[in-house]
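Each chain, letter by letter, is given below.
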Amino acid sequence: MDAMQERAEAQDLAYNVFAKACPSRGTLEHVTGRWGGLTLGALYEGSLRFNELRRRVDGVSEKMLSQTLHALERDGLVHREAQPTNPPRVDYELTPLGRGVAERLLTLIHFVEGQMDDVLEARQRYDETRGAL
């Protein structure tokens, strides 16, 4: 398929993430942001409680994880289930939609992890070149 056909197909879609007002742009930001991608990846392994998830996603603050979970739940990617226990127990798990997104993200994550030697070499070359200027 050539570039003109691809652009024509993209224009025929109901949603176009490249359009400023398209609602898909917000969801893409939630999914590909630092904490959203890591949260979805962590939940792919199974249901987790908030603090388990926070430990799994090393470095995320309680506030950021809470905001991320709210955004992903609103987008229909994460299901929150509160158990009527004392103290309350809240579990988070992926919805079928969230699972599909997480599978694709994990493919990207694993690809990036597998290419890190090349990335680190490229960074070093870049830094050496910039330092010489």
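For the structure, see preceding data.
Given the structure is predicted, the values throughout are model-derived calculations rather than measurements.

1. Focus: the packing of aromatic side chains
So, point 1. One pass over the structure, following the stated rule, counts 0 aromatic pairs.
So, point 2. Lying across the ring of Tyr44, Arg99 places its NZ or CZ 4.1 Å from the centre.

2. Details of the pairing of strand S2 (residues 78-83)
So, point 1. Relative to strand S3 (residues 89-94), S2 is paired through 6 bridges, and the arrangement is antiparallel. If you follow Val78 over to S3, its bridge partner there is Leu94.
So, point 2. Where S2 folds back on S3, the antiparallel hairpin that results is connected by 5 residues.

3. Some words on the pattern of salt bridges
So, point 1. One pass over the structure, following the stated rule, counts 3 salt bridges.
So, point 2. For the salt bridge of Glu62 with Arg54, the shortest nitrogen-to-oxygen distance reads 3.6 Å.
So, point 3. With a relative accessible area of 47%, Glu62 lands in the partly exposed category.
So, point 4. The class of Arg54 is partly exposed, set by a relative accessible area of 32%.

4. Observations regarding the nonpolar core
So, point 1. The biggest cluster of nonpolar side chains holds 20 residues, and the ones touching the most others in it are Leu40, Leu43, Leu53, Leu69, Val78 and Tyr92.
So, point 2. When residues of this core are traced back to their parent elements, those giving at least two are helix H3 (34-43), helix H4 (50-56), helix H5 (62-74), S3 and helix H6 (96-114).
So, point 3. Per-element accounting of this core gives the leading share, 4 residues, to H3.
So, point 4. Setting aside anything within four residues of it in sequence, one finds Leu40 in contact with Val31, Leu72, Leu77, Val78, Leu94, Val101, Ala102 and Leu105.

5. Observations concerning the sheet that holds strand S1 (residues 48-49)
So, point 1. Spatially, the 3 strands line up as an open sheet ordered S1-S3-S2, and their pairing is antiparallel. Looking at the sheet topology across the chains shown, the edges are occupied by S1 and S2.
So, point 2. Here H3 sits on the sheet in contact with S1, S2 and S3, set at roughly 95 degrees to S3.

The rules behind these values
- Residues numbered from 1 in each chain as written.
- Predicted model: local features only at pLDDT ≥ 70, side-chain atom pairs only at ≥ 80, totals over all residues.
- Heavy atoms only, no water.
- Phe/Tyr/Trp six-rings, centres within 6.5 Å; stacked < 30°, edge-to-face > 60°.
- Lys NZ or Arg CZ within 6 Å of the ring centre and 35° of its normal.
- Pairing = 2+ DSSP bridges.
- Helix = DSSP H or I, 4+ residues; strand = E, 2+ residues; numbered from the N terminus.
- Salt bridge = Lys/Arg side-chain N within 4 Å of Asp/Glu carboxyl O.
- Buried < 20%, exposed > 50% of the residue type's maximum accessible area, 1.4 Å probe, protein only.
- Core = buried A, V, L, I, M, F, W, Y, C linked by side-chain atoms within 4.5 Å.
- Contact = heavy atoms within 4.5 Å.
- Axes fitted to C-alpha atoms, helices over the stretch in contact; angles between N-to-C directions.

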